[in-house]
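Observations on the model geometry
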Amino acid sequence: MMDKNLEALKPALVWKHFARIARIPHPSHHEEQIRKYVLDTLRTLGLECREDAGHNIYARKPASKGMEDRKGVILQAHLDMVPQKNNDKEFDFLTDPIEAYIDGEWVTANGTTLGADNGIGAAAILAVLEDDTLEHGPIEALFTATEEVGMDGAFGLEGGMLQGDILLNLDSETEGELYVGCAGGLDANITFGYEAEAAPAAGYRAAKLTVKGLKGGHSGIQIVTQRANANKLLFRFLLDEAQRRGLLLASVDGGGLRNAIPREAEAVVLVPEAQWNDVAAELKSYEAAVRTEYAGIEDSISLAMTECAAPAELIARETAGRLMRAVAACPDGVQRMSVAMPGLVQTSTNLARVVSDSRSVKLQCLLRSSVNTEKAALGAAIAALFTLAGAETELSGSYDGWNPNMASPILKAMTESYEALYGKRPLVTAIHAGLECGIIGSKYPKLDMISFGPTICYPHSPDEKVEIASVAKFYDFLVHTLRNVPSR
């Protein structure tokens, strides 16, 4: 039987608020209920608070006695979560509470994302605001909206609202690490328009090709693991079989969220009757080949071909050919590693989505880089590729990265705090993902910023889990940091 009593865990205030957050539906763009919970909590605590035009929530808590001369600290987390579930899980993210439970040393969810990203950060802020026994200087709290699908709240943040000197972003996922930089991002939205063709009346059998069993994960954090991309695997086979066996493409639906490595993809195709057995055999051979290629990275790659109802229409053959070649050629994964910080991805791209309707095929790529010019150049290259293939490409949603400041006063103070608490120095690093620090820092360039958090594994996937012991260490470190913030 699953142990769902999260509120019995320590630190009590953090887990109390996280348990309540998990019960409130709050996928991106559907954050009304979670905003109400936060605002009701803040008002119950008697704190000054408001919601801005970008649906960010802002609050202030005065300094504790004797701490009025300390630099002001802004605690920041986002309120939305990534809604991902296993295919066999019946679940509605708009109405159903997350089924969070304790699994040994971890808290996870039953068949869905957990929302520890960034629910634990939000819960920690509420715990700090509720606990009047803590010692701290002036505190501001910033709960941002719709981070996971475009950082809308950070982009819409009002200038002049924040008064603090230091921003602590509570949205990192490895305890014991302090993040001092992050990647910027850029979306490539691609459209192949076409006039549908009638499917041949005879001579073909319809099949659904599926790719599944991949690990997926966060397209920034997990991109360094070189996991397989379901869209790339599917189209590699489609192109080969179209050229070799005359396979025809009727529809495609691959990937999901723009910031998740695609775990699954499928296509409906027509296979010449005389070629059916050859295509089926070649799919099995291809499955064995990609399992070998990804040995030690992907353990459960599965490719299947099942007969299905014949479609009435096809993607126009000429368009399908251009689409297959372009997807096969599209850059994906790590493009360049950082020289300055070994082990850190500098530039990457993720072919997140390929989906057709009756008149177009739409693709999404999310590009990331800590070097803005390199990000722009990669975007131009992808746009050039798809322009040559006859598609329309829109590059949008660009945001800057966050450049590290190794002379940061709060970095020095937090390094000393961590060493005092745990007897070792934290790892100071950067992350190949889009933290809101980059956007907030562009609006408030004088902010001294650090990002940190507990250990969260497999965010953005149904395997997401948070380590219980790391939540306690993270929160104790936050409390110790607030007590030791430098004076103005």
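So, here is what we can say about the structure in this document. (Residues numbered from 1 in each chain as written. Predicted model: local features only at pLDDT ≥ 70, side-chain atom pairs only at ≥ 80, totals over all residues. Heavy atoms only, no water.)

Turning our eyes to something else, we now look at the overall build of the protein chain. Within the protein chain, the regular secondary structure consists of 11 helices and 23 strands. Since a compact globule built from 488 residues should have a radius of gyration of about 23 Å, the 24 Å found for the protein chain is in line with a globular shape. Projecting the C-alpha coordinates of the protein chain onto the three principal axes gives extents of approximately 85 × 50 × 40 Å. For the protein chain, the accessible surface area stands at approximately 19,400 Å², while carbon and sulfur atoms represent 49% of it. (Helix = DSSP H or I, 4+ residues; strand = E, 2+ residues; numbered from the N terminus. Rg over C-alpha atoms; globule rule 2.2 N^0.38 Å. Areas by Shrake-Rupley, 256 points an atom, 1.4 Å probe, with all protein chains shown as cover.)

Where side chains of opposite charge bring their charged atoms close, a pairing between them can arise. The full count for this structure, using the stated rule, is 30 salt bridges. A salt bridge links Lys89 to Glu99; its shortest N-O distance comes to 3.2 Å. With Lys89 in the loop between β3 (73–78) and β4 (100–103) and Glu99 in the loop between β3 and β4, this pair connects stretches of sequence that are 10 residues apart. When its relative accessible area of 14% is taken as the criterion, Lys89 is described as buried. With its nearest N and O atoms 3.8 Å apart, the salt bridge here joins Asp299 to Lys215. Of this pair, Asp299 sits in the loop between α6 (276–293) and β14 (302–307) while Lys215 is found in the loop between β11 (204–212) and α5 (230–245), placing the two residues 84 residues apart along the sequence. Bridged by salt links that share partners, the residues Asp240, Arg244, Arg245, Asp278 and Glu282 form one connected network. (Salt bridge = Lys/Arg side-chain N within 4 Å of Asp/Glu carboxyl O. Buried < 20%, exposed > 50% of the residue type's maximum accessible area, 1.4 Å probe, protein only.)

Taking 1.5 Å per residue, 16 residues should reach 22 Å; helix α11 (residues 468–483) reaches 23 Å between its end C-alpha atoms and fits that length. Every buried residue of α11 is accounted for by Ile468, Ser470, Val471, Phe474, Tyr475, Phe477, Leu478, Val479, His480, Thr481 and Leu482. (Expected span 1.5 Å × (residues − 1).)

Each regular strand shows side chains that alternate between the opposite faces of the sheet. Examined bridge by bridge, β4 and strand β5 (residues 106–109) share 4 bridges and lie antiparallel to one another. Considered in β5, the bridge of Tyr101 is made with Thr108. If you look at the hairpin formed by β4 and β5, you'll find 2 residues sitting between the two strands, and Gly104 has a positive phi there, around 65°. (Pairing = 2+ DSSP bridges.)

For the structure shown, the criterion picks out 9 aromatic pairs. Seen from their ring centres, Phe192 and Phe386 are 6.1 Å apart, and the 75° between their planes marks the pair as edge-to-face. Taken together, the residues Phe192 in strand β9 (residues 184–193) and Phe386 in helix α8 (residues 372–388) connect sequence positions 194 residues apart. Taken as a pair, Phe192 and Phe386 share a single burial class, namely buried. Site record: aromatic cluster; members linked through ring pairs are Tyr418, Tyr422, Phe452, Phe474 and Phe477. In this structure, Arg205 packs its charged tip against the face of Trp276, placed 3.9 Å from the ring centre. (Phe/Tyr/Trp six-rings, centres within 6.5 Å; stacked < 30°, edge-to-face > 60°. Lys NZ or Arg CZ within 6 Å of the ring centre and 35° of its normal.)

You can see Lys85 is positioned in the loop between β3 and β4. Overall, Lys85 belongs to the partly exposed group, its relative accessible area being 28%. Between the C-alpha atom of Lys85 and that of Thr112, which follows or precedes it by 27 residues, the distance is 4.2 Å. If we ignore the near neighbours within four places in the chain, the residues touching Lys85 are Phe91, Phe93, Gly111, Thr112, Arg263 and Pro462. Within polar-contact distance, the side chain of Lys85 engages the backbone oxygen of Lys89 at 2.8 Å. (Contact = heavy atoms within 4.5 Å. Polar contact = N/O pair within 3.5 Å; in protein donor to acceptor, adjacent residues only side chain to side chain.)

Bringing the environment of Glu419 into the picture now. Turning to its location among the elements, Glu419 is positioned in helix α9 (residues 409–422). Residues within four places of Glu419 in sequence aside, it is in contact with Lys424 and Arg425.

When you line up the elements, Glu31 lands in the loop between α1 (12–22) and α2 (32–44). Within polar-contact distance, the side chain of Glu31 engages the side chain of Thr146 at 2.8 Å. Residues contacting Glu31, with those up to four places away along its chain left out, are His26, Asp80, Ala145 and Thr146.

For the rest of this paragraph, the subject is the pairing of strand β17 (residues 345–356). Among the 12 residues in β17, 11 count as buried, and that is most of the element. Alignment of strand β12 (residues 248–255) against β17, held across 3 bridges, turns out to be antiparallel. Each residue of the ladder has a partner; that of Asp253, found in β17, is Val355. Of the strand pairs in this sheet, strand β16 (residues 333–337) and β17 are connected by 4 bridges, and their pairing is antiparallel. Bridging from a neighbouring strand, Gly333 pairs with Thr349 of β17. Alignment of β17 against strand β18 (residues 360–369), held across 9 bridges, turns out to be antiparallel. Within the sheet, the bridge partner assigned to Thr349 lies in β18 and is Leu367. A loop of 3 residues connects β17 with β18, the two strands running antiparallel in sequence.

We now examine α2. In this model, α2 (13 residues) spans 18 Å end to end at C-alpha, consistent with the 18 Å of a helix rising 1.5 Å per residue. Tucked inside the fold, the buried residues of α2 contact α1, β1 (48–51), β2 (57–61), α3 (116–130) and β6 (139–144). Following α2 by one or two positions, Gly46 has its phi on the positive side, about 75°.

Moving on, we get to the environment of Glu273. Residue position: Glu273 is located in the loop between β13 (265–272) and α6. Taking C-alpha positions, Glu273 is 80 Å from Asp69, a pair spaced 204 residues apart along the chain.

Cysteine pairs can be covalently joined through their sulfur atoms, and such a bond is termed a disulfide. For the coordinates displayed, the defined rule picks out 0 disulfides. As a non-bridged cysteine, Cys330 has Cys365 as the owner of its nearest cysteine sulfur, 4.0 Å distant. (Disulfide = S-S within 2.5 Å.)

Attention shifts here to the nonpolar core. Formed by 68 residues in total, the largest nonpolar core has its most connected members in Trp15, Leu42, Val107, Phe143, Leu168, Phe452 and Leu478. Here this core gets 10 residues from one element, more than from any other, and that element is α3. Membership of the second largest hydrophobic core comes to 52 residues, among which are Ala267, Ala316, Met324 and Leu363. (Core = buried A, V, L, I, M, F, W, Y, C linked by side-chain atoms within 4.5 Å.)

Sheet architecture is open: 4 strands sit in the order β4-β5-β23-β22, paired in antiparallel fashion. Only two strands of the sheet have a single neighbouring strand rather than two, namely β4 and β22 (456–457).

It is worth spelling out unusual backbone geometry at this point. The peptide bond linking Lys10 to Pro11 adopts the cis configuration, its omega dihedral lying at 0°. Along the chain, the position of Pro11 falls in the segment before α1. Backbone torsion omega between Asp117 and Asn118 reads 10°, so that peptide bond is classified as cis. Along the chain, Asn118 turns up in helix α3. Phi at His55 takes a positive value of approximately 65°, unusual for a residue other than glycine. Examined against the element boundaries, His55 turns out to sit in the loop between β1 and β2. The class of His55 is partly exposed, set by a relative accessible area of 37%.

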